[in-house]
Amino acid sequence: MVLKLALALVSLFVLWGALAPDQLGATMQWLLTGVIARFGWFYLLTMFGFLVFALYLAFGRFGSIRLGGEDAEPQFHRLSWFSMLFAAGMGIGLVFWGVAEPVSHLIKPPQGLEPLTPQAAGTGLRYALFHWGLHPWAAYSVVALALAFFQFNRDRPMLISTTFEPLIGARANGPLGKWIDVLALIATAFGVATSLGLGALQINAGLYRVFGVPNDIAVELIIIAVAGALYILSSLSGLTRGIQWLSNLNMVLAVLLLLTVFVLGPTSFILDALTTTIGAYLDNLIGMSMRMTPFSQGTWVADWTLFYWAWWIAWAPFVGTFIARISKGRTIREFIVGVLLAPTLISFLWFGVFGGAGLYASMFQNVPVVQAVQQDPSLALFALLDAYPAATLTSILAIVLVTVFFVTSADSATFVLGMMSDHGNPRPPARLKLIWGVLIALIAGVLLVSGGLKGLQSMSILAALPFAVVMAAMCVSLFRALDEESTRLERRHRARDRLLERLLRDRETQPPAGPPQD
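Residues numbered from 1 in each chain as written. Predicted model: local features only at pLDDT ≥ 70, side-chain atom pairs only at ≥ 80, totals over all residues. Heavy atoms only, no water.

### Some remarks on the overall build of the protein chain
Along the protein chain, the regular secondary structure elements total 18 helices and zero strands. The C-alpha radius of gyration of the protein chain comes to 25 Å, within 12% of the 24 Å expected for a compact globule of 518 residues. Classification of the 518 residues of the protein chain by burial places 57% in the buried group. In the protein chain, the proportion of contacts linking residues at least 24 apart, taken out of those at least 6 apart, comes to 82%. Accessible area of the protein chain: about 21600 Å², with a carbon and sulfur share of 64%. (Helix = DSSP H or I, 4+ residues; strand = E, 2+ residues; numbered from the N terminus. Rg over C-alpha atoms; globule rule 2.2 N^0.38 Å. Buried < 20%, exposed > 50% of the residue type's maximum accessible area, 1.4 Å probe, protein only. Contact = heavy atoms within 4.5 Å. Areas by Shrake-Rupley, 256 points an atom, 1.4 Å probe, with all protein chains shown as cover.)

This is how it looks when you write it as structure tokens:
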């Protein structure tokens, strides 16, 4: 039922976009306007709530509970676990927005600041860290922890619906639970398709910049088709030969590109800007988390913060499932701290290097990064790389990196979608992975045709709204489950302590043994 419903709804959307792309684009814009006007506050409150809840779980009375039971041991060493969290945190979005977002805020800053000023630059980099920092990983950690707890401590299938058993009981296995899984599938499919659309825009921009390939929708659709064939083949080849090999490759390429810009760029400026911005981020965290613009009626929050919050919510089932699978044996405190801090610090470093270099080039070197962002945000990275030696080589490296990220993200997503639509089967059949691989490529193509970058952003916000409600309810259900687990463990520990006290008391009251007799 779950698979049929999800496939039917997604297929209807794809068919609508193929037959009437203009009507789809207009409808999405109309829905987007209504959602933002009525539910923008809900996105802000839920994302901030996920962060508060995650911190409470880490440092409250549940922090010592171990995933898999008291005797469970981690499957991976801490360094390997951090490396895999890093891999989950890296993606097309970082490459696409690493330069483009801070420079976009420099051009059109929030809070009514004057464009192209030092204040706009500092605030822009701060908001980039905000959008890619603790909040998204808090959302991921909530979903991942719920899935991991019910899988490893309750021996339940790794499905979103099973995490609702403490809240709705047996109905989690009935029609209501099926609809919850359908919403998770739809949110994941559209969230991943948004990333693939961004990847196609970025690859096309690089090909245009380096080789003069036309930068238009036809080329973007060809890119999606070619990359789609690659990630479907990779997914069908299995985890060991496909996903693992590509994950290792994109890690190497990402670090290489990061080091190149850090060394060739304004290194001291990057370090100074990053230090200052992290301090400002921590100082303004609550204010940024709650900021809407009801009095000025501005669109900046909707264009940026709400888009990102919706995008992370849509990605939460996918990333959460991945994190849950690798986290058995961790305590809740270790799990939350690791998931929140390790990827957040990587994101800060990425934006500190690429965003800092982009701002410096725009403000002090007259490099046309601002003009590139105004023309097309996907050109921003390549405009920056043109200012450094071996620009063609580094641009080709960036194209390859985005392509590998494209394939890796979609590869992993087809695996997770197949698992979610096959009752949590950890080895989903190739048929399901093929179906989902084709569908998310079609969704990405339809969104680009019907609205380009704006269409990608709109669909993320719309698809994430119902799943945000699911995630909020999931927090309540997880709290109940952990409360039950904590009570059970406390009773067990008290019983063990009483037994030890009784044994010690019995030993003290026993008469001493007499001397040995001949």
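There's plenty left to go through after this.
### A look at a nonpolar patch on the surface
A grouping of F39, W41, L45, I286 and M290 is seen on the molecular surface, where their side chains present a nonpolar patch of about 490 Å² in accessible area. By residue number, the principal contributor to the nonpolar patch is helix α2 (residues 21-59), which donates three residues. Of note, L45 is situated in helix α2. (Patch = residues over 30% accessible without salt bridge, like charges linked within 9 Å, V, L, I, M, F, W, Y side chains within 5 Å. Salt bridge = Lys/Arg side-chain N within 4 Å of Asp/Glu carboxyl O.)

### A short note on the layout of surface pockets
One number sums up the size of the second largest pocket: a volume of about 390 Å³. Lining the second largest pocket are 19 residues, and of these I36, A37, G298, T299 and A302 sit closest to its centre. Within the residue set of the lining of the second largest pocket, elements represented by two or more residues are α2, α13 (300-325) and α18 (430-509). Partitioned by chemical class, the residues of the lining of the second largest pocket number nine nonpolar, eight polar and two charged. (1 Å grid on protein atoms, 1.4 Å probe; cavity = no way out; pocket = protein on both sides within 12 Å on 5 of 7 lines; lining within 4 Å. Points joined across faces, edges and corners; volume = space filled by probe spheres on them. Nonpolar A, V, L, I, M, F, W, Y, C, P; charged D, E, K, R; others polar.)

### Description of helix α4 (residues 92-107)
The end-to-end C-alpha separation of α4 is 23 Å, in line with the 22 Å expected for 16 residues at 1.5 Å each. The axis of α4 is deflected most strongly, by about 45°, at G98, and proline P102 appears within four residues downstream. Among the 16 residues that make up α4, 15 are buried, leaving the element largely enclosed by the rest of the structure. (Expected span 1.5 Å × (residues − 1). Bend = angle between axes of the 7 residues up to and from the residue.)

### Examining unusual backbone geometry
A positive phi angle is found at Q111, which is not glycine, with a value near 60°. Even without glycine at this site, H423 takes up a positive phi of about 60°. Its place among the elements puts H423 in the loop between α17 (391-420) and α18. For H423, a relative accessible area of 64% corresponds to the exposed category.

### Regarding the packing of helix α5 (residues 118-131) against α13
Relative orientation of the contacting elements α5 and α13 amounts to 25°, with a least axis distance of 10 Å. The angle between α5 and α13 places the two elements in the roughly parallel class. Residues Y127, F130 and H131 of α5 pack against W300, W304, T305, Y308, W309 and W312 of α13. Of the residues that constitute the contact of α5 with α13, the class distribution is seven nonpolar, two polar and no charged. (Axes fitted to C-alpha atoms, helices over the stretch in contact; angles between N-to-C directions. Parallel < 35°, antiparallel > 145°, perpendicular 65-115°, else oblique.)

### Some thoughts on the packing of aromatic side chains
According to the stated counting rule, one finds 31 aromatic pairs in the structure shown. On the numbers, 6.4 Å between centres and 35° between planes, the contact of Y56 with F479 is tilted. Residue Y56 is located in helix α2, and its partner F479 is located in helix α18; the two are separated by 423 residues in the primary sequence. Accessibility expressed as a relative area gives 31% for F479, which makes it partly exposed. Relative to F130, the ring of Y127 lies with its centre 5.8 Å away and its plane at 90°, an arrangement referred to as edge-to-face. (Phe/Tyr/Trp six-rings, centres within 6.5 Å; stacked < 30°, edge-to-face > 60°.)

### Side note on the side chain of D181
Its location among the elements puts D181 in helix α8 (residues 175-211). Those residues in contact with D181 that sit more than four places away from it in its chain are V2, L159, I160 and S161.

### Describing the pattern of salt bridges
Evaluation of the coordinates by the stated rule reveals seven salt bridges. E165 serves as the salt-bridge partner of R156, at 2.6 Å between the closest nitrogen and oxygen.

### Details of the environment of K4
Tracing the backbone shows K4 in helix α1 (residues 2-19). Taking C-alpha positions, K4 is 9.2 Å from V182, a pair spaced 178 residues apart along the chain.

### As for a positive patch on the surface
A contiguous patch of positive charge on the surface is contributed by R491, R494, R498, R502 and R505. Structurally, R502 is set in helix α18. Residue classification places R502 among the partly exposed residues on the basis of a relative accessible area of 41%. (Lys, Arg positive; Asp, Glu negative; His and termini not counted. Charge placed at Lys NZ, Arg CZ, Asp CG, Glu CD.)

### Side note on the nonpolar core
Buried together is how nonpolar side chains tend to be arranged in soluble globular proteins. If you look at the biggest cluster of nonpolar residues, it comprises 185 residues, and the most contacted ones within it are W97, I160 and W436. Ranked by residue count, the leading element in this core is α18, at 27 residues. Look past the residues within four positions of W436 in its chain and what remains in contact with it is L3, A6, L7, V10, L185, A189, T414, L417, G418 and S421. (Core = buried A, V, L, I, M, F, W, Y, C linked by side-chain atoms within 4.5 Å.)

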